[in-house]
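Residue-level structure breakdown
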Amino acid sequence: MLHGQRIGVVIPALNEEEGIGCVLHDIPQWVDEIVVADNGSTDETITVSEAAGARAVVETERGYGAACQKGLHVLGPIDIVVFLDADYSDNPLEMRLLVEPIALGKADFVIGSRVTGHAESGALLPQQRFGNWLACLLMRRLFKANYTDLGPFRAIRKEALDGLAMQDRAFGWTVEMQIKAARCGLRSFEVPVSYRRRIGISKISGTLRGSILAGTTILKVIGRSVGSMPAIATERERV
């Protein structure tokens, strides 16, 4: 618990036995609940996660968003939820930077920006940098949403997240959240965070197929959002 707020962490994972233990070791003690949402691992990701004290659940439908939603579904009562990756590229020790503004009532949604922070050499591949730049440019032009990154390390007030009615089950999860947050009028901002080379092999940016699929999905989510103003307006009233 931080400043009287209960904190939950959701970590989507797929074959991350090498990195997940490091991630869980560095998560601050004030976090109340940790869920590792396993997306069909064939290694010891679940075993390592449970040995480190996390709750592990399985989502058989492949997809980043599907895993995140499964993790959210099993979380107990919390006030703030944090998302981060299982490969140790995000730094859990910096979690307070994201959570504290929400816990103190100054924000609803905080994204860790790898672009304004310090990314270790080779941590952000050229296709990631270009994809971030293009997606953020489109969000700025189409939705007046000022972001620099689609970083996975993010924290959001649980009630606000519920009001966004998230739908994407794949790689569009992060951009959908950012678009809806902007259009629902959430108090959102970014904080600079560090980013290091991941442990293990990337299933998305590390392969040509994964990069193309992720990029296509993100552009589709942005395109769908352009014509969905009435639905978003209704969601805003619920937040």
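Before reading further, recall that the structure is shown in the block above.
One numbering rule holds for all chains: residues counted from 1, following each sequence as written. Note on the predicted model: pLDDT of at least 70 is required for a residue's local features to be given, and 80 or more for side-chain atom pairs to be given and counted; whole-chain, interface and lining totals, by contrast, use all residues. Only hydrogens and water are set aside; all other atoms, that is, all heavy atoms of the structure, feed into the side-chain values.

Some thoughts on the overall build of the protein chain
- Secondary structure elements follow DSSP: runs of H or I of four or more residues count as helices, runs of E of two or more count as strands, with numbering from the N terminus. A tally of regular secondary structure across the protein chain gives nine helices and seven strands.
- Only protein chains enter the accessibility calculation, which uses a 1.4 Å probe. A residue is then buried if its area is under 20% of the maximum for its type, exposed if over 50%, and partly exposed in between. Here the protein chain, with 239 residues, has 54% of them falling under the buried criterion.
- Counted over contacts in the protein chain with a minimum sequence separation of 6, partners at least 24 positions apart contribute 77%.
- Element-wise, carbon and sulfur atoms account for 55% of the exposed surface of the protein chain, whose accessible area totals about 10700 Å². The contact criterion used is simple: two residues touch if any of their non-hydrogen atoms lie within 4.5 Å. Computed with the Shrake-Rupley method and a 1.4 Å probe, the accessible areas treat only the protein chains shown as cover for residues.

Here's the deal with the nonpolar core
- Within the largest apolar cluster, 37 residues are counted, with the highest numbers of intra-cluster contacts made by Val 81, Phe 83, Met 139, Ile 156, Leu 161 and Met 177.
- Of all the elements in the fold, those that place two or more residues in this core are strand 2 (33-38), helix 3 (64-74), strand 4 (80-83), strand 5 (109-119), helix 5 (126-143), helix 6 (158-164), helix 7 (173-183) and helix 8 (208-226).
- Among all residues touching Val 81, those that are not within four sequence positions of it are Gly 8, Val 10, Leu 72, Leu 75, Arg 154, Ala 155, Ile 156 and Leu 161. What is meant by a nonpolar core is a set of buried Ala, Val, Leu, Ile, Met, Phe, Trp, Tyr and Cys residues, joined one to another through side-chain atoms within 4.5 Å.

Re the pairing of strand 4
- Residue alternation in strand 4 divides its side chains into two sets, Ile 80 and Val 82 and Val 81 and Phe 83, and both sets are buried.
- Looking at chain direction, strand 1 (residues 7-13) and strand 4 are connected through four bridges and run parallel. Bridging from a neighbouring strand, Gly 8 pairs with Val 81 of strand 4. At least two bridges found by DSSP between two strands is the condition for calling them paired.

Quick look at helix 5
- Each helix should span, by expectation, one fewer than its residue count multiplied by 1.5 Å. The end-to-end C-alpha distance of helix 5 is 25 Å, a good match for the 26 Å that 18 residues give at a rise of 1.5 Å each.
- Buried residues of helix 5: Gln 128, Asn 132, Ala 135, Cys 136, Leu 137, Met 139 and Phe 143, and no others.

Looking at the packing of aromatic side chains
- The aromatic pairing rule takes the rings of Phe, Tyr and Trp, using the six-membered ring of Trp, and pairs them if the centres are within 6.5 Å, calling planes under 30 degrees apart stacked, those over 60 edge-to-face and the rest tilted. With the rule as written, the count across this model stands at two aromatic pairs.
- Arranged with centres 5.9 Å apart and planes meeting at 70°, the rings of Phe 83 and Trp 173 form a pair that is edge-to-face. Taken as a pair, Phe 83 in strand 4 and Trp 173 in helix 7 lie far apart in primary sequence, 90 residues in all. An identical accessibility class is assigned to Phe 83 and Trp 173; each is buried.
- Cation over ring: Arg 114 sits above Tyr 195, and NZ or CZ is 4.8 Å from the ring centre. Here, a charge over a ring is recorded when the distance from Lys NZ or Arg CZ to the ring centre is within 6 Å and its angle to the ring normal is within 35 degrees.

Description of the sheet that holds strand 4
- The sheet built from seven strands is open, its strands ordered 3-2-1-4-6-5-7 with mixed pairing. This sheet does not close on itself; its edge strands, each paired only once, are strand 3 (55-58) and strand 7 (188-195). With strand direction ignored, the average angle separating the axes of adjacent strands in the sheet is 25°. Note on method: axes are straight lines fitted to C-alpha atoms, helices fitted across the in-contact stretch only, with angles between N-to-C directions ranging 0 to 180 degrees.

Quick word on unusual backbone geometry
- Positive phi is not limited to glycine here, since Tyr 88 has a value of about 70°.
- Here Tyr 88 shows up in the loop between strand 4 and helix 4 (95-103).
- Positive phi values are uncommon outside glycine, yet Lys 144 reaches one of about 55°.
- Examined against the element boundaries, Lys 144 turns out to sit in the loop between helix 5 and strand 6 (154-157).

Observations regarding the environment of Ile 34
- Relative to the helices and strands, Ile 34 resides in strand 2.
- On a C-alpha basis, the gap between Ile 34 and Val 81 in space is 9.7 Å, while along the polypeptide they are 47 residues apart.
- Excluding its chain neighbours within four sequence positions, the residues that come into contact with Ile 34 are Val 9, Ile 11, Leu 24, Ile 27, Ala 54 and Arg 55.

A few points about the side chain of Lys 158
- The residue Lys 158 is located in helix 6 in this model.
- Judged by its relative accessible area of 19%, Lys 158 falls in the buried class.
- Here Lys 158 is in contact with Leu 72, Ile 78, Asp 79 and Ile 80, once residues within four sequence places are set aside.

All quantities given are derived from atomic positions and should not be read as evidence of function.
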